[in-house]
Amino acid sequence: MISIMFEDIRPYEGAEIRRVIEELCNDVEFVALASKVPTFDVDRFRASAAKYATLIEFQRDWERPFLEWMVKRNSEGLTMSGTENLSRDEGQLFLTNHRDITVDPAYLALSLIQTIDDTCEIAIGDNLYVRPWIEKFVKLSRSFTVRRNLTRGEMVRAFAELSQYVRYSLTEKRAHIWMAQREGRSKDATDLTQESLIKMLAMSGSGSLIDNLLNLNICPTTLSYEFDPCDYLKAGEMQMKRDNPNYKKSPMDDFISMKEGINDNHGRIHIHFGKNLRDKLTEIGRNVANRKEQAEAVCRACDCEIHGNYVLYPINYWAYEMRFGDRIWDGDYGMSREYLEGQLAKIDIANSDEEFLWAKLIEMYSNPVLSYLKTNN
């Protein structure tokens with residue numbers, strides 16, 4: 001039986017899987033793109049449509065091979081730490097820094113499959129539904145919708161529904177959830193948790209802000225990529241925003257970023273599963289009375305856990321030295337300069353300001369070092 005709860009935002013459910021797979025198989029663009037992946041065969045995909053009772057079964061069969069192929073093709077490998085903090089018995093909210101539109105939750109889901117044979121539901125903005133098949137595919141991949149570009153009244157209602165859905169999914173379905181710590185990617189890699197996100201999560205429940213957060217099992221989680229394939233796109237966006245404060249990305253810009261993240265090199269990838277915030281939340285509730293100050297303190301606790309568990313790579317240390325003139329690492333920087341010079345050469349925007357763009361690329365790769373040092377010293 002298909003649930004009518006949260007009808008507009010929830011992932012697909014078992015009885016819907018067959019219909020959606022058949023619709024995807026009839027979408028020319030989806031089939032053309034998916035057929036470039038060695039693990040995909042449209043006839044086998046169509047024939048499997050009636051096989052799955054749950055989305056996790058579908059993900060084990062189709063997404064795990066694809067993600068393992070993508071890691072092998074586009075990286076030097078995926079490593080993990082903090083896996084002792086994972087639970088098989090209760091839903092956890094993995095709140096992560098946000099580098100890439102598509103691969104952040106994808107690599108997290110793969111890590112969960114490989115460690116506890118489970119995946120996670122994924123919060124995804126409807127601004128990314130730039131093709132009809134994208135919404136179908138991501139909801140088949142256990143994604144739920146975060147509505148964007150709303151009026152103030154619509155936003156309040158949408159946030160309330162989203163908060164209720166997250167609580168329902170974690171506590172009733174006992175599903176794991178991935179959410180970014182902020183709306184949109186952190187273009188300069190400062191990775192700061194958004195206060196409005198914490199307040200949204202606390203909207204559901206009947207207690208105080210801290211009480212409402214306590215049973216969401218918030219686990220700040222750190223994603224560390226050696227290279228960000230979209231770094232040059234982010235730098236270009238920053239210049240365009242500087243030159244025109246009213247500049248806004250188009251849906252096609254998001255689509256390009258999605259393709260870059262899936263297709264290009266991330267170097268080494270590491271995921272650290274952080275500790276549950278429960279003890280920190282209890283401490284904040286005991287020592288901080290003001291609601292706004294509580295939300296700010298929760299953000300700082302998330303940031304501390306995320307920043308303190310970065311894995312830093314040669315390019316991060318090289319960028320730090322280029323920015324501050326201070327060598328704090330004795331290792332070999334390798335081809336760090338050559339890599340960033342190559343990324344700079346990809347930027348194709350009007351009135352390109354190379355000095356500004358270069359500075360932004362350096363900031364992107366040096367900011368994790370700054371945050372790590374601030375947290376661990």
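In this text the structure is predicted, and so the values were computed from the model without any measurement.

Caption draft 1: Fine view of the overall build of the protein chain. On a plain count of helices and strands, the protein chain comes out with 16 helices and seven strands. The C-alpha radius of gyration of the protein chain comes to 21 Å, within 12% of the 21 Å expected for a compact globule of 377 residues. C-alpha atoms of the protein chain, sized along the principal axes, occupy 65 × 55 × 40 Å. Counting over 377 residues, the protein chain shows a buried share of 52%. Counted over contacts in the protein chain with a minimum sequence separation of 6, partners at least 24 positions apart contribute 76%.

Caption draft 2: Seen up close, the packing of aromatic side chains. One pass over the structure, following the stated rule, counts 22 aromatic pairs. For the ring pair Tyr-339 and Tyr-365, a centre distance of 6.4 Å and an interplane angle of 80° mean the geometry is edge-to-face. In this pair, Tyr-339 sits in helix H15 (residues 336-346) while Tyr-365 sits in helix H16 (residues 354-376), placing the two residues 26 residues apart along the sequence. Each of the two residues, Tyr-339 as well as Tyr-365, counts as buried. The ring of Phe-255 has Arg-131 lying over it, and the distance from NZ or CZ to the ring centre is 4.6 Å. Over the ring of Phe-356 we find Arg-242; its NZ or CZ atom is 4.5 Å from the centre of that ring.

Caption draft 3: Inspection of the state of the cysteines at higher detail. In total, this model carries zero disulfides according to the counting rule given. The structure places no disulfide on Cys-230, whose sulfur is separated from the nearest cysteine sulfur, that of Cys-120, by 20 Å. Under the relative-accessibility criterion, Cys-230 is labelled buried at 0%.

Caption draft 4: Spatial organisation of the pattern of salt bridges. Applying the stated criterion to the full structure yields 30 salt bridges. Between Glu-121 and Lys-173 there is a salt bridge; the shortest N-O distance is 2.7 Å. Linking Glu-121 in strand S3 (residues 121-125) with Lys-173 in the loop between helix H7 (152-171) and strand S5 (177-180), this pair joins segments that are 52 residues apart in sequence. In this structure, Asp-254 and Lys-249 form a salt bridge, with 2.9 Å as the shortest nitrogen-oxygen distance. In this structure Asp-254 comes out as buried when scored by relative accessible area, which is 6%.

Caption draft 5: Geometry of the sheet that holds strand S6 (residues 218-225). The strand order S1-S7-S6-S2-S5-S3-S4 describes an open sheet built from seven strands, whose pairing is mixed. For this open sheet the edge positions go to strand S1 (75-81) and strand S4 (143-146), each flanked by a neighbour on one side alone. Across the sheet, the mean angle from the axis of one strand to that of its neighbour is 25°, orientation sign disregarded. In the sheet, strand S2 (residues 93-96) pairs with S6 via four bridges, with the strands oriented parallel. From the neighbouring strand, Thr-96 faces S6, where its bridge partner is Thr-221. Helix H4 (residues 55-74) contacts S1 and strand S7 (267-273) of the sheet and is inclined by roughly 120° relative to S1.

Caption draft 6: Seen up close, helix H11 (residues 251-263). Over its 13 residues, H11 runs 19 Å from end to end, which matches the ideal 18 Å to within 8%, given 1.5 Å per residue. Among the residues of H11, those classed as buried are Asp-254, Phe-255, Ser-257, Met-258, Glu-260 and Gly-261. Along its buried surface, H11 packs onto helix H2 (28-34), helix H5 (103-116), helix H6 (132-140) and helix H10 (231-243).

Caption draft 7: How the structure looks around the environment of Glu-76. Note on placement: Glu-76 falls in strand S1. Remark: the alpha-carbon pair of Glu-76 and Glu-226, spanning 150 residues in sequence, is separated by 9.3 Å. Those residues in contact with Glu-76 that sit more than four places away from it in its chain are Gly-267 and Arg-268.

Caption draft 8: The packing of helix H14 (residues 314-324) against H15, seen in detail. One way to put it is that H14 packs onto H15 with a least axis distance of 9 Å and a crossing angle of 80°. Considering their axes alone, H14 and H15 lie roughly perpendicular with respect to each other. Taking contact as the criterion, the partners of Pro-314, Ile-315, Trp-318 and Met-322 in H14 are, on H15, Ser-336, Arg-337, Tyr-339 and Leu-340. A class-by-class count of the residues in the contact of H14 with H15 yields six nonpolar, one polar and one charged.

Caption draft 9: Structural context of the side chain of Asn-217. Tracing the backbone shows Asn-217 in the loop between helix H9 (209-214) and S6. You can call Asn-217 buried: its relative accessible area is 6%. A polar side-chain atom of Asn-217 sits 3.5 Å from a polar atom in the side chain of Glu-90. Once residues lying within four places of it in the same chain are set aside, the contact partners of Asn-217 are Glu-90, Gly-91, Gln-92, Leu-93, Asn-276 and Arg-278.

Caption draft 10: Representation of unusual backbone geometry in the model. Look at Asp-117: it is not a glycine, yet its phi comes out positive at around 55°. Mapped onto the elements, Asp-117 comes out in the loop between H5 and S3. Of note in this structure, Asn-217 is not a glycine but carries a positive phi near 50°.

Caption draft 11: Representation of the pairing of S2. In S2, alternate side chains face the same way, and those of Leu-93 and Leu-95 on one face and Phe-94 and Thr-96 on the other are all buried. Where S2 lies against S5, four bridges are found, and the strand directions are parallel. The partner of Leu-93 across the bridge, within S5, is Ile-177.

The rules behind the values
Residues numbered from 1 in each chain as written. Predicted model: local features only at pLDDT ≥ 70, side-chain atom pairs only at ≥ 80, totals over all residues. Heavy atoms only, no water. Helix = DSSP H or I, 4+ residues; strand = E, 2+ residues; numbered from the N terminus. Rg over C-alpha atoms; globule rule 2.2 N^0.38 Å. Buried < 20%, exposed > 50% of the residue type's maximum accessible area, 1.4 Å probe, protein only. Contact = heavy atoms within 4.5 Å. Phe/Tyr/Trp six-rings, centres within 6.5 Å; stacked < 30°, edge-to-face > 60°. Lys NZ or Arg CZ within 6 Å of the ring centre and 35° of its normal. Disulfide = S-S within 2.5 Å. Salt bridge = Lys/Arg side-chain N within 4 Å of Asp/Glu carboxyl O. Pairing = 2+ DSSP bridges. Axes fitted to C-alpha atoms, helices over the stretch in contact; angles between N-to-C directions. Expected span 1.5 Å × (residues − 1). Parallel < 35°, antiparallel > 145°, perpendicular 65-115°, else oblique. Nonpolar A, V, L, I, M, F, W, Y, C, P; charged D, E, K, R; others polar. Polar contact = N/O pair within 3.5 Å; in protein donor to acceptor, adjacent residues only side chain to side chain.

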